[in-house]
Amino acid sequence: MSQPLRVWAQALGRHCRTHSTGSGGGTKTAAAAARGLPNRWPIAGVEHIVLVSSAKGGVGKSTTAVNLAVALKQVARDKSIGLLDADVYGPSIPKMMNLAGQPTVNDKKFMQPLINYDVKCMSMGFLVEEDAALVWRGLMVMSALERMLYQVSWGRTHVLVIDMPPGTGDTQLTIAQRLPVAGAIVVSTPQQVALADARRGITMFRSVNIPVLGLVQNMSVYHCPNCQHESHIFGRNGCAELAAATNTPLLADVPLVPELCATGDAGTPIVVAAPASPAAQAYLALAARVLAALPAPGQASTATTAAAEAQGNTAAHSPTSPSPSHPLAAETTSTTSTTARPDPAPRQGLFARLFGRA
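Rules behind the numbers
Residues numbered from 1 in each chain as written. Predicted model: local features only at pLDDT ≥ 70, side-chain atom pairs only at ≥ 80, totals over all residues. Heavy atoms only, no water. Helix = DSSP H or I, 4+ residues; strand = E, 2+ residues; numbered from the N terminus. Expected span 1.5 Å × (residues − 1). Buried < 20%, exposed > 50% of the residue type's maximum accessible area, 1.4 Å probe, protein only. Contact = heavy atoms within 4.5 Å. Pairing = 2+ DSSP bridges. Axes fitted to C-alpha atoms, helices over the stretch in contact; angles between N-to-C directions. 1 Å grid on protein atoms, 1.4 Å probe; cavity = no way out; pocket = protein on both sides within 12 Å on 5 of 7 lines; lining within 4 Å. Points joined across faces, edges and corners; volume = space filled by probe spheres on them. Nonpolar A, V, L, I, M, F, W, Y, C, P; charged D, E, K, R; others polar. Core = buried A, V, L, I, M, F, W, Y, C linked by side-chain atoms within 4.5 Å.

The next subject is helix 7 (residues 192–207). Its 16 residues give helix 7 an end-to-end C-alpha distance of 23 Å, which sits within 8% of 22 Å, the value for a rise of 1.5 Å per residue. Those residues of helix 7 that sit buried are Ala194, Leu195, Asp197, Ala198, Gly201, Ile202, Met204 and Phe205. Residues of helix 7 that are buried in the fold lie against strand 1 (46–53), helix 6 (170–178), strand 6 (183–188), strand 7 (212–218) and helix 8 (238–246). Looking at the residues trailing helix 7, positive phi occurs at Asn209, about 60 degrees.

Here you go:
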C-alpha cells in the first residue's frame, strides 16, 4: 500500500471518529453559529458548482448530468469542466462516461480525476467493483463524499457539475449546506408522481438559499419512428405547469428517444454520438442557458480564489490542499509527502484501504 493512500485512509477514519463524537470537526463562524448554519467551504480551484437533482430516482438525472457536463465543454471549449458522482450507493458516471480503473494519488495525497470527453470525473464507482454493493451508514457516506470533494485534484475548473443522489435526505441537505453552490437544476418527467418530488426538491434548495436555475423536463414526448405519431407517455407539460407555479424557469424539454438509453449504456453521451439530434440540441441549449445564468466572473470565484491563494497554489492546475478553513486541511497537510505513483493493487483492495469497513 502506497504512503499517500495510507494517509488518505487514516485521515478518513479520523474524520469519521471526530464527527461521530461531535468534537473537533471544524468550527463555525460566529454569524453561522448564531443562525445554526454550517460553514460553506469552497473547493480550491472550482469557480462554479452546479447541482443536478431529481428528488426522485428513474427520471434521467444522471443522463442529464452527464450530457450537461459534456455539453458545457462543447459550448465553452476554453473552460475546464468537472463532473462528480455524488450517488455513492448507485454510481452511474463510470459507465455513462466510459471510464474504468482507479484514480492515482499524487504526492499531496490528492486523487487525480479520470478524464473523458475533456471532462474531469470522480465517482465512488472508480473505487469499487461494478457489481459491489456499498452497505454504509450516513456518516461514512458523508465522510467519503467530503473526501471526493476536497481531496481530489480538480485543478482550475470553471464549472463542477454534481450528480446528486435522488431524494431530499441527509446527503442532499449536507451537500447543499456545505458547498458554495452557484445553482441547482431539478430534473423531472411530466408525470404527477415525479412532479410532486420535484416540487419538494425546489423547496429544499430554496430553504438553504441555493438558487434554482430551472427545471428540465425529461421524457416529455415520444415520436414513433415509423409514422411520427406524437405520444405523451408520462403526461403533457407537467414541468411547464410546475415551473409556472413555482416561478422557476423551464430550461430544457428533452424528448423520450431510444438513442438516449443506447448512448448512455455505450458510454458515449448523445451530445457526442448524435449532436444534431433533438435530444442533444436540448442539452446543448441547456448548457448555454446554465452558463448564462452563472454569476459574472469575479463574483462567485472570490472565495475559491482566496482559498487557492491561501494554500500557495499559484499553478493553473492541481491544487495541493483543500481550503484552510475546511477540517480536512489539517488532516492532509500534517503528513509527510511522498512520491506519487499508481497503486498496483486491484480496485477492490484500493477501496478497502481507502475506506475500511463501515
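This part is about the sheet that holds strand 2 (residues 81–85). A sheet is described by the order of its strands in space; here eight strands give the open sequence 3-4-2-5-1-6-7-10, paired in mixed fashion. Looking along the sheet, the strands with just one partner apiece sit at the ends: strand 3 (114–116) and strand 10 (250–254). On average, adjacent strands in this sheet sit at an angle of 25 degrees to one another, irrespective of strand direction. Pairing geometry for strand 2 and strand 4 (residues 119–123), over five bridges, is parallel. Bridge pairing links Asp85 to Ser123 in strand 4. In the packing of helix 11 (residues 278–293) onto the sheet, contacts are made with strand 1, strand 5 (157–163), strand 6, strand 7 and strand 10, and the angle to strand 10 comes to roughly 170 degrees.

Going through the model one piece at a time under the given rule, you end up with two cavities of 30 Å³ or more. Considered as a void within the structure, the largest cavity measures approximately 60 Å³ in volume. Met142, Leu145, Glu146, Leu149, Tyr150, Thr174, Ile175, Arg178 and Leu179 are the residues that line the largest cavity. Of all the elements in the fold, those that place two or more residues in the lining of the largest cavity are helix 5 (138–150) and helix 6. Top contributing element to the lining of the largest cavity by residue count: helix 5, with five residues. The class makeup of the residues in the lining of the largest cavity is six nonpolar, one polar and two charged.

A few words on the nonpolar core. If you look at the biggest cluster of nonpolar residues, it comprises 86 residues, and the most contacted ones within it are Leu51, Leu83 and Ile162. Looking at which element gives the most residues to this core, the answer is helix 11, with eight residues. Leave out the neighbours within four places in its chain, and Ile162 touches Ile49, Val50, Leu51, Val52, Leu84, Ala86, Leu149 and Leu179.

A positive phi is found at Lys109, a non-glycine position, where the angle reads about 70 degrees. Checked against the element boundaries, Lys109 lands in the loop between helix 4 (93–96) and strand 3. For Tyr117, which is not glycine, the phi torsion reads 55 degrees and is therefore positive. Positionally, Tyr117 belongs in the loop between strand 3 and strand 4. Classification of Tyr117 by relative accessible area gives partly exposed; the value is 22%.

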